[in-house]
Amino acid sequence: MLREIRPAILVLLLLTLITGLAYPLAMTEVAGAIFPKQAEGSLIERDGKVIGSALIGQEFKDDKYFHGRPSATTAPDPADSSKTVPAPYNAASSGASNLGPTSKALSDRLKEDVDKLKAENPSANVPVDLVTTSGSGLDPDISPEGALFQVPRVAKVRGMPEEKVRQLVAENTSGRLIGIFGEPRVNVLALNLALDAAAKP
């Protein structure tokens, strides 16, 4: 019986070494050599300090900055570990709220967010991505419409011409991948960094 089992064990060990160790290490090295920035997490630096990633959203509350999509991610409550508290863009707990279309909590939150945004820019329709969360809760991008909706607020707070802020939105809008995949998008962190740079004397 050992004669029949030994080849199976050897094949299992060999395939484990190849597919579980050698292949992942080789792919990690190749990815690091070909795409070093992406392999390191697409980190964004300012003045030599890492301030975020192009792949993970951040919460911007200040009115002088563009705001991203709402995030439904949570973290354990420090006061009671059996409960959770909101923790926007928490990469350790990526996920959606799981609230459905009949949820009163979701309906109330959406109404409150829409009313707040309408007060900010009454002459424009509220883009859907400014009030809905993404499946991951970590989306770093908004639609160009979502960015343009916020231009009057940002321009007013910063004392900048709206046309200049619109130009920054256009310069930081990425198109569809190879012209056909995905939707045009604006990375919120990159746009806010460009905004800070443009505001410097």
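Everything that follows concerns the structure shown earlier in this document.
Below: a short report on this structure. (Residues numbered from 1 in each chain as written. Predicted model: local features only at pLDDT ≥ 70, side-chain atom pairs only at ≥ 80, totals over all residues. Heavy atoms only, no water.)

A look at helix H6 (residues 188-199)
The criterion, for reference: We count a stretch as a helix when DSSP gives it H or I for four or more residues in a row; a strand needs E for two or more, and each element gets its number in order from the N terminus. Helix span is expected to be 1.5 Å times the residue number reduced by one. Accessibility here uses a 1.4 Å probe with only protein chains present; expressed as a share of the type maximum, an area under 20% marks a residue as buried, one over 50% as exposed, and anything in between as partly exposed. We call two residues in contact when some of their heavy atoms are within 4.5 Å. Any pair of N or O atoms that falls within 3.5 Å is considered a polar contact. Within protein, one atom must be able to donate a hydrogen and the other to accept it, and sequence-neighbouring residues count only if both atoms are side-chain atoms.
Helix length check: H6, at 12 residues, gives a terminal C-alpha distance of 16 Å against a target of 16 Å (1.5 Å per residue), a fit within 8%. Taken together, the buried positions of H6 are Val188, Leu189, Leu191, Asn192, Leu193, Leu195 and Asp196. Those residues of H6 that are buried are in contact with strand S1 (43-46), strand S2 (49-53), strand S5 (141-142), helix H4 (144-158), helix H5 (162-171) and strand S7 (185-187). At the N-terminal end of H6, a side-chain oxygen is found 3.3 Å from the backbone nitrogen of Leu189, two or three residues along, and the residue is Asn187.

Some words on the packing of H4 against H5
Where we set the bar: Between N-to-C directions, angles cover 0 to 180 degrees, with each direction set by a line fitted to C-alpha atoms, over the stretch in contact for helices. Reported orientations rely on four angle classes, namely roughly parallel under 35 degrees, roughly antiparallel over 145, roughly perpendicular from 65 to 115, and oblique for the rest. Rotating anticlockwise by less than a right angle from the far helix to the near helix defines a left-handed crossing, while the corresponding clockwise rotation defines a right-handed one. Residue polarity follows a fixed list, in which Ala, Val, Leu, Ile, Met, Phe, Trp, Tyr, Cys and Pro are nonpolar, Asp, Glu, Lys and Arg are charged, and the others, Gly among them, are polar.
Close contact between H4 and H5 brings their axes to 9 Å; oriented N to C, the two are set at 150°. In terms of orientation, H4 lies roughly antiparallel with respect to H5. Crossing hand, H4 versus H5: right-handed. Each of Pro144, Ala147, Leu148, Val151, Pro152, Val154 and Ala155 in H4 lies in contact with H5, whose residues at this interface are Glu162, Val165, Arg166 and Val169. When its residues are assigned to classes, the contact of H4 with H5 shows nine nonpolar, no polar and two charged.

Re the sheet that holds S5
In a beta sheet, neighbouring strands pair by backbone hydrogen bonds and run either parallel or antiparallel. Where we set the bar: Here, strands pair whenever DSSP counts at least two bridges between them.
As summarised here, the arrangement of the three strands in space is S5-S7-S6, forming an open sheet in which the pairing is antiparallel. Strands at the two margins of the open sheet, each flanked by one partner only, are S5 and strand S6 (173-174). Bridge count between S5 and S7: two bridges; the pairing is antiparallel. Among the inter-strand pairings, Ile142 is bridged to a residue of S7, identified as Val186. Across the face of the sheet, H6 comes into contact with S5 and S7 while running at roughly 60° to S7.

Some words on the pairing of strand S3 (residues 74-77)
The side chains of a regular strand alternate between the sheet's two faces. Summarising the sheet, S3 and strand S4 (residues 80-86) pair through four bridges and their orientation is antiparallel. Counted as the bridge partner of Asp77 is Asp80 from S4. Linkage of S3 to S4, two consecutive antiparallel strands, is achieved through a turn of two residues.

Overview of the packing of H5 against H6
Between H5 and H6, whose axes approach to 10 Å, the crossing angle comes to 140°. The angle between H5 and H6 places the two elements in the oblique class. Classified by chirality, the crossing of H6 by H5 is right-handed. For the pair H5 and H6, the contacting residues are Lys164, Val165, Leu168 and Val169 in the first and Leu191, Ala194, Leu195 and Ala198 in the second. Residue classes in the contact of H5 with H6 are distributed as seven nonpolar, no polar and one charged.

Description of helix H1 (residues 2-34)
Inclusion rule: Throughout, the bend at a residue refers to the angle made by two axes, fitted to the seven residues ending there and to the seven starting there.
For H1, with 33 residues, the first-to-last C-alpha span of 46 Å sits near the 48 Å given by 1.5 Å per residue. Roughly 30° is the biggest bend found in H1, and it falls at Ala22, with proline Pro24 one to four residues downstream.

Here we look at the environment of Glu29
Tracing the chain through its elements places Glu29 in helix H1. Here Glu29 falls in the exposed class, since its relative accessible area comes to 60%. Residues Glu29 and Lys61, spaced 32 residues apart in sequence, show a C-alpha to C-alpha distance of 39 Å.

Some thoughts on the pattern of salt bridges
Applied cut-off: A carboxyl oxygen of Asp or Glu within 4 Å of a side-chain nitrogen of Lys or Arg is what we treat as a salt bridge.
In this structure the tally under the stated criterion is 11 salt bridges. Put simply, Arg109 and Asp113 hold a salt bridge, and the shortest N to O gap is 2.7 Å. Placement of both Arg109 and Asp113 in helix H3 (residues 104-120) is noted, with a separation of four residues, approximately one turn of the helix. Its relative accessible area of 27% is what places Arg109 among the partly exposed residues. Here Asp141 and Arg185 are joined by a salt bridge, their closest N and O atoms 4.0 Å apart. Placement of the pair is Asp141 in strand S5 and Arg185 in strand S7, with a sequence separation of 44 residues. Salt bridges linked by common partners bring Arg46, Arg158 and Asp196 together as one network.

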